[in-house]
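Single-letter residue listing:
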Amino acid sequence: QVQLVESGGGLVQAGASLRLSCAASGRFFSINDMGWYRQAPGKQRELVAVVTSGETTTYAHSVKGRFTISRDNAKNTINLQMNSLEPEDTAVYYCKAVVRTTLWDQFRDYWGQGTQVTVSS
């Protein structure tokens, strides 16, 4: 079983910074992409940033230049440094990992439980 544990959410004022962390644990063979998604009330879940195992990154247009995703393959962790936060960034942030639990399995998506980020104006 694979577990993803997020940390680092909170309540901040507009313009502040937060750093989210996600650690993958359990029994697995390899992890492909890891990323952050968010879901605001009444909206669909959306991609924020993704990093591949080769550390190629992709960002949503709305966060480009403000957020930075990083990855430590040795520790199976990713971080999301969020700067210049805006009220529109308020959402529950979810970590996702694309994991193969054994050499013979298909890659599957695993999700964390989510962490709340609230940005006040």
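Residues numbered from 1 in each chain as written. Predicted model: local features only at pLDDT ≥ 70, side-chain atom pairs only at ≥ 80, totals over all residues. Heavy atoms only, no water.

Colleague: Quick question: what am I supposed to make of the pattern of salt bridges here?
Modeller: Side chains that differ in charge, positive against negative, can pair when their charged atoms come close. A complete count under the given rule lists five salt bridges for this structure. A salt bridge links Glu-46 to Arg-38; the shortest N-O distance between them is 2.8 Å. Judged by relative accessible area, Glu-46 falls into the partly exposed class, the value being 38%. For Glu-86, the salt bridge goes to Arg-66, with nearest N and O atoms at 3.8 Å. Of this pair, Glu-86 sits in the loop between β8 (77-82) and β9 (91-100) while Arg-66 sits in the loop between β6 (57-59) and β7 (67-72), placing them 20 residues apart in sequence. Look at Glu-86 and you get partly exposed, because its relative accessible area is 33%. (Salt bridge = Lys/Arg side-chain N within 4 Å of Asp/Glu carboxyl O. Buried < 20%, exposed > 50% of the residue type's maximum accessible area, 1.4 Å probe, protein only. Helix = DSSP H or I, 4+ residues; strand = E, 2+ residues; numbered from the N terminus.)

In short, geometric facts, not functional conclusions.
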